[in-house]
Amino acid sequence: MLVVYDSKTGNTEEMAKAVGEGIREAETEAEVKKASDTSLEDLEKADGIILGSPTHFGTMSENMKKLISESVGIRGRLEGKVGAAFTSSGAISGGNETTLISLLQAMLIHGMMVMGDPIKVGGHYGVVAIEKPDKEALEACRALGSRVGRLAAKIAAR
Ligand SMILES: Cc1cc2nc3c(=O)[nH]c(=O)nc-3n(C[C@H](O)[C@H](O)[C@H](O)COP(=O)(O)O)c2cc1C
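> Lay out the pattern of salt bridges in plain terms, naming residues and giving numbers.
Under the defined criterion, the tally for this structure stands at nine salt bridges. Where Asp42 meets Lys33, a salt bridge forms, and the shortest distance between an N and an O atom there is 2.8 Å. The closest approach of N and O atoms between Asp42 and Lys45, which form a salt bridge, is 3.8 Å. Here the residue Asp42 and the residue Lys45 both occupy positions in helix H2 (residues 40-45), the gap between them amounting to three residues, near one helical turn. When its relative accessible area of 58% is taken as the criterion, Lys45 is described as exposed. Linked through salt bridges whose partners overlap, the residues forming this network are Glu31, Lys33, Asp42 and Lys45.

Structure below.
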């Protein structure tokens, strides 16, 4: 499993690390990488990809968008992989849902299967933290990692 994130001030990075922990709790391998350090090959070789971005003007950050735009070069090769999303925003109604949707949308366009977050109220489309993730948000990140990790492992074993 690959967790790709961007983060300017560390909030989304903390979430990414917790998602990675959750994946490992599900006894699945996890790599956690910044979008600017992630290659198209990294995306291609992962069984599942979880994307996390800070909310920037109600959508994903520039660095995350750059990687997504470059991934047009491997169009068709991410098909059938499992995915999910998380974000940190400054305000409760500050565009975090539209940011999650922008991440899920990119994965859907690649033909991936995306999981939402049925657990945390307010984060239906993935996990949301307001600024620095609190205990509850980190727990939701770990739970997301475990659920997606387990599903990706099941699909890969077929
Ligand atoms: C360029 C920029 C745009 C932002 N736009 C929004 C926004 O639209 N809505 C919001 O709630 N917060 C916005 N924020 C605040 C960040 O989403 C918030 O501080 C987040 O916790 C930062 O995560 P990070 O520490 O991973 O960078 C913006 C921050 C920056 C730097």
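There is more to say after this.
> Run through empty space enclosed by the protein, naming residues and quoting values.
For the structure shown, the criterion picks out one cavity of 30 Å³ or more. Taken as a whole, the largest cavity spans an internal volume of roughly 90 Å³. Lining of the largest cavity is provided by Leu43, Ile49, Leu51, Leu67, Ile68, Ser71, Leu78, Ala106, Met107, His110 and Met112. Mapped by element, the contributors of at least two residues to the lining of the largest cavity are strand S3 (48-54), helix H3 (62-70) and helix H4 (96-109). Each residue belonging to the lining of the largest cavity can be placed in one class, and the counts come to nine nonpolar, two polar and no charged.

> Lay out the site of the ligand with the relevant residues and their values.
Taken together, 17 residues are adjacent to the ligand, and Ser7, Thr9, Thr12, Ser88 and Gly94 come closest. In the environment of the ligand, an oxygen atom lies 2.7 Å from a nitrogen or oxygen atom belonging to the backbone of Thr55. Contacts to the ligand include Phe57, whose backbone N or O atom sits 2.9 Å from a nitrogen atom. Within the complex, 76% of the 650 Å² of free accessible area of the ligand lies under protein. Counting only elements with at least two residues in the shell around the ligand, the list comes to helix H1 (11-25) and strand S4 (82-89). Looking at side-chain class alone, the shell around the ligand contains three nonpolar, twelve polar and two charged residues.

About the cut-offs
Residues numbered from 1 in each chain as written. Predicted model: local features only at pLDDT ≥ 70, side-chain atom pairs only at ≥ 80, totals over all residues. Heavy atoms only, no water. Salt bridge = Lys/Arg side-chain N within 4 Å of Asp/Glu carboxyl O. Helix = DSSP H or I, 4+ residues; strand = E, 2+ residues; numbered from the N terminus. Buried < 20%, exposed > 50% of the residue type's maximum accessible area, 1.4 Å probe, protein only. 1 Å grid on protein atoms, 1.4 Å probe; cavity = no way out; pocket = protein on both sides within 12 Å on 5 of 7 lines; lining within 4 Å. Points joined across faces, edges and corners; volume = space filled by probe spheres on them. Nonpolar A, V, L, I, M, F, W, Y, C, P; charged D, E, K, R; others polar. Near = heavy atom within 4 Å. Polar contact = N/O pair within 3.5 Å; in protein donor to acceptor, adjacent residues only side chain to side chain. Areas by Shrake-Rupley, 256 points an atom, 1.4 Å probe, with all protein chains shown as cover.

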